[in-house]
Amino acid sequence: MALPGSVSTCLSPPVHYMICKLGFEKKDIYDINNIVSENGEVCWQAVTEHLHYLESDQSVDYIKSVQSLGPVCESVNLHFKSLTKDQFVVQYAVWFHWTNYTELFLEVFDVLQYAQATEVVLGLMKLTSCLERALGDVYLLIGKDCPFLLRDLLASEQLAVVFGQDVMDVLRVFIGSPYGLNLRNVLWHGFTSPQEIPAKYCAMLLFLTAGLGQLLQTYLLKTKYILVHRPYVTFISLEELVAFPDLNHETLCVAEELVQVSNFIFKSMVPFWMAALTAFKQSRYADCVILLLPQLEAGLRLLFTTTNKCPNRLLTAEPSALYTTFDEMLKKHLDNEEINQLPSVLEEPAMEFLWDFLNHQEGPRIRDHLSHGEINLKTFPRELANQIVAFAITLLCRFSDEDTVAFKEHVIIKPLMTCASCYRSQFHPISRLKKQVLECMKSIHLWPELPTVSEEHVQSVKGLEGNTETSSLFLKMAEILSQVQQYLPQNCCSPDDPINTIVTERLLVKLCDKHVCTLYSPRPVLEVLVVLRKICTQCHQVSEQVIASIELRYKQWMKKTLRSRQRHNYLRMLNSIKFLSPVLRLILLLITLEVINVHLVCKKTPSDYQQYLKFLKSVLQYTENLVTYTSPEKNKWDETEELTNKALIKIRNFSDRKLTLIQSAT
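Analysis parameters
Residues numbered from 1 in each chain as written. Predicted model: local features only at pLDDT ≥ 70, side-chain atom pairs only at ≥ 80, totals over all residues. Heavy atoms only, no water. Helix = DSSP H or I, 4+ residues; strand = E, 2+ residues; numbered from the N terminus. Buried < 20%, exposed > 50% of the residue type's maximum accessible area, 1.4 Å probe, protein only. Contact = heavy atoms within 4.5 Å. Areas by Shrake-Rupley, 256 points an atom, 1.4 Å probe, with all protein chains shown as cover. Core = buried A, V, L, I, M, F, W, Y, C linked by side-chain atoms within 4.5 Å. 1 Å grid on protein atoms, 1.4 Å probe; cavity = no way out; pocket = protein on both sides within 12 Å on 5 of 7 lines; lining within 4 Å. Points joined across faces, edges and corners; volume = space filled by probe spheres on them. Nonpolar A, V, L, I, M, F, W, Y, C, P; charged D, E, K, R; others polar. Patch = residues over 30% accessible without salt bridge, like charges linked within 9 Å, V, L, I, M, F, W, Y side chains within 5 Å. Salt bridge = Lys/Arg side-chain N within 4 Å of Asp/Glu carboxyl O. Axes fitted to C-alpha atoms, helices over the stretch in contact; angles between N-to-C directions. Parallel < 35°, antiparallel > 145°, perpendicular 65-115°, else oblique. Left-handed = near helix turned anticlockwise from the far one by under 90°.

S.K.: Could you give me a rundown of the overall build of the protein, with the residues and numbers involved?
M.R.: Counting its regular elements, the protein contains 31 helices and zero strands. With the principal axes as the frame, the protein shows a C-alpha extent of 100 × 65 × 50 Å. Buried residues in the protein amount to 57% of all 666 residues. Sequence-distant contacts in the protein: of pairs separated by 6 or more residues, those separated by 24 or more amount to 77%. When the accessible surface of the protein is summed, it comes to about 29400 Å², and 53% of that surface belongs to carbon and sulfur atoms.

S.K.: Mind laying out the nonpolar core, listing which residues take part and the relevant values?
M.R.: In this structure, Phe80, Phe174, Phe207 and Phe380 are the most contacted members of the largest nonpolar core, which totals 161 residues. Within the second largest apolar cluster, 74 residues are counted, among which are Met477, Leu481, Ile502 and Ile547.

S.K.: Residues and numbers for empty space enclosed by the protein, please.
M.R.: Scanning the model with the defined rule gives five cavities of 30 Å³ or more in all. If you trace the second largest cavity, you find 19 residues lining it, with Cys130, Arg133, Tyr232, Gly373 and Ile375 closest to the centre. Top element by residues in the lining of the second largest cavity is helix 6 (residues 117-142). It accounts for six residues. In the lining of the second largest cavity, the residues fall into eight nonpolar, six polar and five charged.

S.K.: An account of the layout of surface pockets is requested, with residue identities and associated values reported.
M.R.: Considering only enclosed or pocket space, the largest pocket measures out at about 740 Å³ in volume. Contributing to the lining of the largest pocket are 25 residues, with Leu149, Arg151, Asn185, His189 and Leu322 lying nearest its centre. Counting residues per element, the ones that place at least two in the lining of the largest pocket are helix 7 (150-154), helix 10 (183-188), helix 15 (326-329) and helix 18 (366-371). Residue composition of the lining of the largest pocket, grouped by class: nine nonpolar, eight polar and eight charged. Of the voids in this model, the second largest pocket is the one considered here, and its volume is about 400 Å³. In this structure, the second largest pocket is lined by 20 residues; those nearest its centre are Gln426, Ser431, Lys434, Lys435 and Cys512. At the level of elements, helix 22 (429-445) and helix 26 (505-512) are the ones that each hand at least two residues to the lining of the second largest pocket.

S.K.: Quick one: what's the story with unusual backbone geometry, residue by residue and with numbers?
M.R.: For Lys224, which is not glycine, the phi torsion reads 70° and is therefore positive. Among the structural elements, Lys224 can be located in the loop between helix 11 (199-223) and helix 12 (249-261). Judged by its relative accessible area of 67%, Lys224 is exposed. The phi torsion at Lys560 lies on the positive side, around 60°, for a residue other than glycine.

S.K.: I'd like to hear about the environment of Phe272, residue by residue, with values.
M.R.: With respect to the helices and strands, the residue Phe272 is situated in helix 13 (residues 270-281). Of the residues examined, Phe272 reaches a relative accessible area of 3% and is grouped as buried. For the pair formed by Phe272 and Pro194, sequence separation is 78 residues and the distance between their alpha carbons is 7.4 Å. Excluding residues within four positions of it along the chain, Phe272 makes contact with Thr118, Val121, Thr192, Ser193, Pro194, Leu291 and Gln295.

S.K.: Explain the side chain of Thr623 residue by residue, including any values.
M.R.: Along the chain, the position of Thr623 falls in helix 29 (residues 606-629). Excluding anything up to four places from it in sequence, Thr623 contacts Ile535, Gln538, Cys539, Val542 and Ile587.

S.K.: An account of a nonpolar patch on the surface is needed here, citing residue identities and associated values.
M.R.: Together, Ile142, Val161 and Tyr225 line one region of the surface with nonpolar side chains, adding up to about 260 Å² of accessible area. Among the structural elements, Ile142 can be located in helix 6.

S.K.: So what's going on with the packing of helix 5 (residues 102-114) against helix 6? Which residues, and what values?
M.R.: The geometry of helix 5 relative to helix 6 is characterised by a closest axis approach of 10 Å and an angle of 155° between their N-to-C directions. When the axes of helix 5 and helix 6 are compared, the pair comes out roughly antiparallel. Helix 5 and helix 6 meet at a crossing whose hand is left-handed. The segment helix 5 lies against helix 6, with Leu104, Phe105, Glu107, Val108 and Val111 engaging Glu119, Val120, Gly123, Lys126, Leu127 and Cys130. Taken together, the residues of the contact of helix 5 with helix 6 sort by class into seven nonpolar, one polar and three charged.

Keep in mind these values describe shape, not function.
Okay, structure coming up:
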């Protein structure tokens, strides 16, 4: 992949002019004392008077406003440079408390003293995400559902009520409007090099944030409202995110060499990559990922525009068009309905990694959460940063000149390349369903280990000896199992084996290990998966209720605190779990076989598909009723047996007609 030699910036000419030149055209000098008082109180009128509006519709004239506000930003920047850290803290620190992250804004002040370009960009990205989150908290003082997009949040009536419309217009000049500087978006989507962001805009947003804090205090005192901060998103089950080995210092040093030679990187963006690797070495994991994600997007955008032969999409779009971002690059089709060629170049494992970490609703959605300020940066997990850095290293290797082949075979890099080529989705609904099946099976597997009274006690209950109804249940289960036996691994069972010895955790693990393509699942597949997951959830709930009931009743039995009716019901429960265990195992097996073949649902006729979906929903209804009947409040064990008999008849008959997915495969 050859890097276009003529590309010196990813900003289109109008956007480059807006950000890099427009705010420097006026050479006016403003007395800072007219903009802020000695104690740090912002004089908003001295700021808002620089707003300009179009005569046609009275909307903000962003060109004239940026031009007019440029010298104000410069005055604020010089003002901050004239202050010591202690002076800044005394005058401004209290006004950042409303953001719930005062120390971040103090860090940004430190960065501005040295104005190192990469650090200024990092500070501005963190500032904008934190500010967005804080503004969302303010919105919720009087609004209900906080807008997801920053531009919608800043244009909301709710924030205009709190801060004033002219104040919100000032903010929209800097962030949130594609017609203004739009700093948040061009930074987070990886369009700007370090030198293209003037430090004075970072200083101005720091200043405006303090001013917003002052306005908010006035509003809260007047209304008696209390600002509540939403909890941060936390990453659970971090072990599920681990696809690559832990990166050590030597690996990071090799990565730094790769950065200098890889075609995946714009040369002007190299400082961001180096800063990201340095941040990882220094255990600043949030900083590392914040720096790296936009660069991954920039590199993939280069690959996307090259493979799809649309070089014009490499630059920032004009306000009337959309940027080329992760969202578009990961889609199956382009806007013109042609097939997106990027997936075929990246290949399935890399695409699944990107979908897992960026898009899938049950995945970490790391870019969304970070860019919207939803993550506590101070506790960002190393495990997550490790995965992003390792994946980025593999892309640097894959899309480099042939003379860098030595890197791909490097003893340190090769394991990363192997892991990348073997990656399978962890957060697609198919993957989540497989995980649900195995977790449910582990729960059922505990049943035989639970303490119970002797079998003699169970058989002593009138009506349970030689129960023909229970025997017929086992017969029906055996018939269903025989229908699907050809789809099981060879020699895993014989027709006479009981289900509990056939449908084991080991068998389900083996079946779930079969690869199923997760990219671009069509709507019918996703609809089927929704129902299958609900069925599995209900089965797990039944298992957990049975375990809890058995443990409780046994303790009560041993303490002799059960009344006669409770003893009788307890013994009926013990009899019922003899058939409930194989029934649940059978359902889990059927779910697993269906999910392995789930894409065959697209081959069904519309009528067959609707019939199949209706059948699955009837199985779901059965499992929902099971949850009710086996609950501690109900304990309807006789009804459970009758319910199960009807469900097994329906499953057997449906399978007889070969309408399931696995039988469609033949």
